[in-house]
Amino acid sequence: MHVAGLPVDDPSVPPMGLSQFRGWWASGFSGNPMQAWLATDDSGEPVGGYALELPVRENRANAFPFVLVSPSRRRQGIGTALLIHAAGVAGGAGRSLLMSGTRMGAPGDAFAEAAGSRNCMLEARRRLGIDAGLRARLAGLRAQCAPHAAGYTLRSWRERTPPEFLDGVSAVFTALGDAPHEDSFEPEGWDVERLRAFEDTIAERGSRLYTVAAVSAAGELAALTQVEVDPGQPQWGWQEITAVLRQHRGHRLGLLIKVEMLAVLASAEPQLRQMATYNSMENEHMVAINDALGYQITDHFRTWELDVTAAIALSRAASVEA
Ligand SMILES: CC(C)(COP(=O)(O)OP(=O)(O)OC[C@H]1O[C@@H](n2cnc3c(N)ncnc32)[C@H](O)[C@@H]1OP(=O)(O)O)[C@@H](O)C(=O)NCCC(=O)NCCS
């Protein structure tokens, strides 16, 4: 159902591989507990479903649903019936607010609006073509950063964080809480246990994870960037976290680690042709880095909020067995 919907839901990216999709619906992308529900019609045929993330550390009043309806069964009220069901589950788990995101112009966007959701943040997805032109520009970008980043050294690794950097990586993940976010979203605090659990979910999805870090002269992990490659779509690299600790900002470390990441990927993943990244429109510094690298906007995404009580009160035109 997800793949069949992509030509209208999200046509500018290829379908994720099956193990990636399974990981998303089973474990989520952030390591929080998930519930997955499937809806069938009277004949037992699947018509839709939803994945519901129910965080247990921060955001305990929030739930994050992703509602999906088979393209051939849309506009019959099934999506609304699933949203009401998800709100019931969320309310039962003590949640009062549903938060989700949709691509602007996609059916999901109109659906969120029709449900009476409040629009919160605007994000852009950008794409970078990996070609000879980009490779030729990397040395120049690196040279621009060098005088500002004197005293820092770069480290890179694959998959799990080396033990000596576990605390440092946790601190940088926590620092990402500074990035623009919705007022009702509580930034996450990271520790080693949470980081290892998160790495486990990436490994379970079968993704390849690359990390580049900048380390200060005093040995502190100052900046970090990660890219995930889904073997099901090996020409695409998905930018995950990039963050610089507050006390190390102003040294062009954000650009430098992303340039180094492209060099790492050129040898480890020579088949890569595209990189994709999501940024809040308000995140000027990260957007400036992505502009310098040559990223171009392909789509905009909106985040939405809907009170659980308001979702439960929506009128139901279809009945589903979930
Ligand atoms: C979003 C989605 C779940 C909607 O499922 P659905 O069963 O078609 O939704 P409903 O029939 O309950 O639609 C309810 C209302 O939303 C609005 N809506 C839904 N799809 C729309 C579209 N393509 N264009 C305009 N309005 C739309 C309409 O107001 C509709 O009421 P109406 O049909 O009486 O006019 C479905 O399009 C989908 O699976 N999209 C991909 C996943 C996604 O983006 N999910 C949203 C993130 S939570």
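Below you will find a few notes about this structure. (Residues numbered from 1 in each chain as written. Predicted model: local features only at pLDDT ≥ 70, side-chain atom pairs only at ≥ 80, totals over all residues. Heavy atoms only, no water.)

1. A closer look at the overall build of the protein
At step 1: Looking only at helices and strands, the protein features 10 helices and 11 strands.
At step 2: Against the 2.2 N^0.38 benchmark of 20 Å for 322 residues, the protein shows a C-alpha radius of gyration of 21 Å, consistent with a compact globule.
At step 3: Counting across all 322 residues of the protein, residues that qualify as buried make up 49%.
At step 4: When contacts within the protein are restricted to residue pairs at least 6 apart in sequence, long-range pairs at least 24 apart make up 71% of them.
At step 5: Surface summary for the protein: the accessible area is close to 14,600 Å², and the carbon and sulfur share equals 54%. (Helix = DSSP H or I, 4+ residues; strand = E, 2+ residues; numbered from the N terminus. Rg over C-alpha atoms; globule rule 2.2 N^0.38 Å. Buried < 20%, exposed > 50% of the residue type's maximum accessible area, 1.4 Å probe, protein only. Contact = heavy atoms within 4.5 Å. Areas by Shrake-Rupley, 256 points an atom, 1.4 Å probe, with all protein chains shown as cover.)

2. A look at the site of the ligand
At step 1: The full set close to the ligand counts 21 residues, and Val67, Val69, Arg75, Gly79 and Thr80 are the nearest of them.
At step 2: Measuring from a nitrogen atom of the ligand, one finds a backbone N or O atom of Val67 at 2.7 Å.
At step 3: Note that an oxygen atom of the ligand is positioned 3.3 Å from one of the backbone N or O atoms of Gln76.
At step 4: In isolation the ligand has 920 Å² of accessible area, and contact with the protein removes 75% of it.
At step 5: Elements represented by at least two residues in the shell around the ligand include exactly strand 3 (62-69), helix 3 (78-92), strand 4 (97-103) and helix 4 (107-114).
At step 6: Here the residues of the shell around the ligand sort into 10 nonpolar, eight polar and three charged. (Near = heavy atom within 4 Å. Polar contact = N/O pair within 3.5 Å; in protein donor to acceptor, adjacent residues only side chain to side chain. Nonpolar A, V, L, I, M, F, W, Y, C, P; charged D, E, K, R; others polar.)

3. Structural notes on the nonpolar core
For soluble globular proteins, the rule of thumb is that nonpolar side chains tend to be buried together.
At step 1: If you look at the biggest cluster of nonpolar residues, it comprises 31 residues, and the most contacted ones within it are Leu253, Leu255, Leu262, Leu265, Met275 and Leu293.
At step 2: For this core, the secondary structure elements donating two or more residues are helix 5 (132-145), strand 7 (208-215), strand 8 (221-229), helix 8 (253-268) and helix 9 (284-293).
At step 3: With nine residues, helix 8 is the single largest residue contributor to this core.
At step 4: The residues contacting Met275, other than those within four sequence positions of it, are Arg126, Arg127, Leu128, Ile130, Val227, Gly237, Gln239, Leu262, Leu265 and Tyr295. (Core = buried A, V, L, I, M, F, W, Y, C linked by side-chain atoms within 4.5 Å.)

4. Some thoughts on the pattern of salt bridges
At step 1: Across all of its chains, the model carries 20 salt bridges by this definition.
At step 2: Between Arg73 and Asp41 there is a salt bridge, with the nearest N and O atoms lying 3.2 Å from each other. Separated by 32 residues along the polypeptide, Arg73 in the loop between strand 3 and helix 3 and Asp41 in the loop between strand 1 (34-40) and strand 2 (46-53) bring together distant segments of the chain.
At step 3: We note a salt bridge from Arg194 to Glu58, for which the minimum N-O separation is 3.0 Å. Remark: Glu58 occurs in the loop between strand 2 and strand 3 and Arg194 occurs in helix 7 (residues 192-205); sequence separation between them is 136 residues. (Salt bridge = Lys/Arg side-chain N within 4 Å of Asp/Glu carboxyl O.)

5. Observations concerning the sheet that holds strand 7
As a general point, the strands of a sheet are linked pairwise by backbone hydrogen bonds and lie either parallel or antiparallel.
At step 1: The 11 strands are arranged 1-2-3-4-11-5-10-9-8-7-6 in an open sheet whose pairing can be described as mixed. Looking at the sheet topology across the chains shown, the edges are occupied by strand 1 and strand 6 (153-158). Adjacent strand axes in the sheet meet at a mean angle of 25 degrees when their direction is disregarded.
At step 2: Contacts from helix 3 reach strand 1, strand 2, strand 3, strand 4 and strand 11 (296-307), with the element oriented near 35 degrees to strand 2.
At step 3: Strand contacts of helix 6 (residues 166-175): strand 6, strand 8 and strand 9 (236-244), with the helix running at about 80 degrees to strand 8, the strand carrying the most contacts. (Pairing = 2+ DSSP bridges. Axes fitted to C-alpha atoms, helices over the stretch in contact; angles between N-to-C directions.)

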